[in-house]
Structures are given as structure tokens and as C-alpha cells.
Amino acid sequence: CGSDVLVSNCFFSVVSWNENGGALFLEKAKIGFSLIDSVLTNCTGQNGGGVYCLSKTQFLSNLCFNSCLCTVGNVNAAYLHLADKYSTENREIISSSFVSCYETVNGWDTIELFYGIDHTEDTNMSACNANDYICLIYNYKGFFSKRCTFSNDMSTHQIWSPPEGSDFNFKQWNVCNNTQRVSGGALFINYSPMTCEECIFI
């Protein structure tokens, strides 16, 4: 495809693919990708059981990822990658849920976000089980998040940010009833400046 991609009002159920991206695969660094008002449930792929996407911009809104798993790669629900490390394009994840995406032998993370500037609002990650991270953030230009919930998850760590990252901003987060997979686990593995405002950690 040579133009921006929009996927809207779709239901993906029990979709299996023996390569990256169980339900959706896009690898086109010069176009934008939007996924809105859709459900992905019981989808399986090598890396990114629900979605594997490398694109110029990404907009995800009003989505439900349920029981999405990877079989070979690292990411159960969504592997979201902008063009390169120095990208200043935007990734937005709005009013979406990642629920009951359980660990597999290779399912190290629930979601991975690579590069660009992130804006994540009103998003829920609950009852997920990862070998390593619930949310792995390879972001070097800025991460801005409001009103997100992490609850009843099990992982070694919840959030990771890179050593070279710019400011990470968390506002009105609700983080409760999560469980460490190992005794050395942590809520944040953070190498960047971080601000938490009006957040609850229980």
C-alpha cells in the first residue's frame, strides 16, 4: 500500500498467523496507521499476537485486545514501531484496553512502543501476565500519559524506559494489585527523567 491505512469497526477473533502480527501486520515506514473502534480477541502471531506495526505515525483508539499471544517473538498484544530512533512523529493510544494477555514461553512483554512521541490516555492494562514487562517503552523523544490503569497484572517489571530517553510524564495513573513475578522485580525500571502527578500506587 502507498497511502495511509485506516482499520475501523472490525472484530478479529481466533486469528492465527505463523509470522509477525497475528491479526494485523504493517511494515511501511512512510505512511500512517490508524486502528479504531475494534476488538482483537484470541489472536496469535510470532511477534505481536494482535498487531505488528512499523509506520510513520500510529493512532489507536477505542480498542480491546483480549487474550492475544505471541508464539515465537517477544510481544503478546501489540508491537508498535515508528520509523527510527530519531523520529519526532506521534503515537497515540486512546481509550483502549489490554486484558488477559497471558505469558507464553516467548511472551516477554504485553506491549512494546518504539520511538517517536507517545501520548497515551484512558488506557487500561489489566489481568495481563508477562515474563518480563507489561509495557516496554523504547522512546527517546517524550512519553506523556494520563488516566491509565494497571491492575491485577503479573510481571517481572511493569514499565521500562531507555537510558537515553527524554522526559516521561505520568498523570492520574491508577496502579494497584499487581504482582512481581520474581523477588527482584520492580514497578518502574527508569533511566530517564520522570514526573508522576496525582497517581495512586497500591
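You'll find the structure just up there.
Looking now at the environment of L60. Following the sequence through the fold, L60 ends up in strand 5 (residues 51-66). Its relative accessible area of 0% is what places L60 among the buried residues. Sequence spacing of L60 and Q46 is 14 residues, and the spatial spacing of their C-alpha atoms is 21 Å. When residues no more than four places from it in sequence are discounted, the contact partners of L60 are L35, F65, L80, E92, I93, I94 and S96.

The next thing to look at is the nonpolar core. Core analysis: the biggest nonpolar cluster contains 39 residues, and L35, L40, V51, F65, L80, F98 and I111 have the highest contact counts within it. Within the residue set of this core, elements represented by two or more residues are strand 3 (24-41), strand 5, strand 7 (75-82), strand 10 (109-114), strand 13 (133-138) and strand 18 (168-171). For this core, the element with the most residues is strand 3, which contributes 6 residues. The contacts of V51, once residues within four sequence positions are left out, are G21, L24, F33, L35, L40, F65, A77, A78, Y79 and L80.

Once that is clear, we can look at the environment of S34. Within the secondary structure, S34 is located in strand 3. The contact partners of S34, leaving out residues within four places of it in the chain, are V5, L6, V7 and F59.

Another aspect to go through is the pattern of salt bridges. Using the criterion set out here, one finds 4 salt bridges in the structure. K56 is paired through a salt bridge with E89; the nearest N and O atoms lie 4.0 Å apart. Taken as a pair, K56 in strand 5 and E89 in the loop between strand 7 and strand 8 (90-94) lie far apart in primary sequence, 33 residues in all. By relative accessible area, which is 37% here, K56 ends up partly exposed. Overall, E89 belongs to the partly exposed group, its relative accessible area being 29%. Two residues, D118 and R91, come together in a salt bridge whose shortest N-O distance is 2.8 Å. Taken together, the positions of D118 in strand 11 (residues 117-121) and R91 in strand 8 put the pair 27 residues apart, joining distant regions of the chain. Here D118 and R91 have matching classes, each one buried. One network of salt bridges, with partners in common, ties together E121, D122 and R147.

Applying the stated rule across the entire model yields 16 aromatic pairs. Both rings, one in F143 and one in F170, keep their centres 5.6 Å apart while their planes meet at 45°; by these two values the pair is tilted. In this pair, F143 sits in strand 14 (residues 143-146) while F170 sits in strand 18, placing the two residues 27 residues apart along the sequence. For the ring pair F150 and W173, a centre distance of 4.9 Å and an interplane angle of 25° mean the geometry is stacked. In this pair, F150 is assigned in strand 15 (residues 149-151) and W173 in the loop between strand 18 and strand 19 (174-176), connecting sequence segments 23 residues apart. For W173, a relative accessible area of 5% gives the class buried. Here K85 stacks its cationic end above the ring of Y140, 4.9 Å away from the centre of that ring.

Rules used in this analysis
- Residue positions are given per chain, counting from 1 as you read along its sequence in written order.
- With pLDDT at 70 or above as the cut-off, local features in this predicted model cover only qualifying residues; side-chain atom pairs require 80 or more to be listed or tallied, and sums for whole chains, interfaces and linings still use all residues.
- Computation of side-chain values covers all heavy atoms of the structure but excludes hydrogens and water.
- Under the scheme used here, helices are H or I runs from DSSP no shorter than 4 residues and strands are E runs no shorter than 2 residues, and both carry numbers assigned from the N terminus.
- The buried label goes to any residue with under 20% of its type's maximum accessible area, the exposed label to any with over 50%, and the partly exposed label to all in between, with areas taken from a 1.4 Å probe on protein chains only.
- Residue contacts follow a heavy-atom distance rule, with two residues in contact if any of their heavy atoms lie within 4.5 Å.
- Buried Ala, Val, Leu, Ile, Met, Phe, Trp, Tyr and Cys residues form a nonpolar core when they are joined through side-chain atoms within 4.5 Å.
- Should a side-chain nitrogen of Lys or Arg be within 4 Å of a carboxyl oxygen of Asp or Glu, the pair is scored as a salt bridge.
- Classification of ring pairs uses Phe, Tyr and Trp, with its six-membered ring standing for Trp, and accepts pairs whose centres are within 6.5 Å; under 30 degrees between planes counts as stacked, over 60 as edge-to-face, and the remaining range as tilted.
- Only when the NZ of Lys or the CZ of Arg is both within 6 Å of the ring centre and within 35 degrees of the ring normal is a charge said to sit over the ring.

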